[in-house]
Amino acid sequence: MAEDAVERVAGAILIEAALAAAARAYAPYSRFGVGAALLLDDGSIVAGANFENASYGLSLCAETVALAAANTAGRLADVVAIGIVGGAIGPGGTLTGEEPVRPCGRCRQILTEAAQLGGRDIVVHCASADGRAKERHMLSDLLPFAFGPDDLR
Ligand code: THU
């Protein structure tokens, strides 16, 4: 029970951090802003926002940007949880949307890299831009039977 409360607070803090990061989304093509915040095993947070470009297809998701930043800090194996939030970019930059943003397939694979490196499953907190819809998943449920670095040992 107490663990549930800690878990909920951690999720809320990660969603807050992800929302702050989403303000930095560079998404002039989709006009859909996303922020992601990784919780590391020492309690620190590493965030990222989606980063599009004129090719459209080569755009980088917020989760991938955050994971690359964690890797650059030498902390890819230390990810314990992630918070993700996003929505349509409205006037003044506010995000709108009622549906939780769940990681795309490629991001699930890249999250699996961090999970297997660290020898743990990762908690995935997803939220809608309006803050009303929240979901909590385990990465292994979002990408079951994953292929990862463990398979190459
Ligand atoms: N996007 C993310 O950053 N993360 C997700 O989990 C879903 C989608 C981005 C990619 C693109 O810049 C925009 O949202 C619309 O797909």
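Scoring rules and cut-offs
Each chain carries its own residue numbering, running from 1 in the direction its sequence is written. It should be noted that, the model being predicted, local features are given only for residues of pLDDT at least 70 and side-chain atom pairs only at 80 or more, the latter also being counted only at that level, while totals for whole chains, interfaces and linings use all residues. The side-chain numbers reported here are obtained from all heavy atoms of the structure, hydrogens and water having been left aside. When a carboxyl oxygen of Asp or Glu is within 4 Å of a side-chain nitrogen of Lys or Arg, the pair counts as a salt bridge. The buried label goes to any residue with under 20% of its type's maximum accessible area, the exposed label to any with over 50%, and the partly exposed label to all in between, with areas taken from a 1.4 Å probe on protein chains only. Any two strands are treated as partners once DSSP identifies two or more bridges connecting them. Runs of H or I in DSSP of at least four residues are treated as helices and runs of E of at least two as strands, each being numbered from the N terminus.

Chemist: Break down the pattern of salt bridges for me, with residues and values.
Modeler: For the coordinates displayed, the defined rule picks out 8 salt bridges. Linking Arg 75 and Asp 78 is a salt bridge whose minimum nitrogen-to-oxygen distance equals 2.5 Å. Judged by its relative accessible area of 18%, Arg 75 falls in the buried class. Classification of Asp 78 as buried rests on a relative accessible area of 18%. Across the pair Arg 102 and Glu 99 runs a salt bridge whose closest N-O atoms are separated by 3.1 Å.

Chemist: Give a detailed account of the pairing of strand β6 (residues 134–138), specifying residues and quantitative values.
Modeler: The sheet contact formed by strand β5 (residues 123–128) and β6 spans 5 bridges and is antiparallel. In the strand pairing of β6, Ala 127 is matched with Lys 134.

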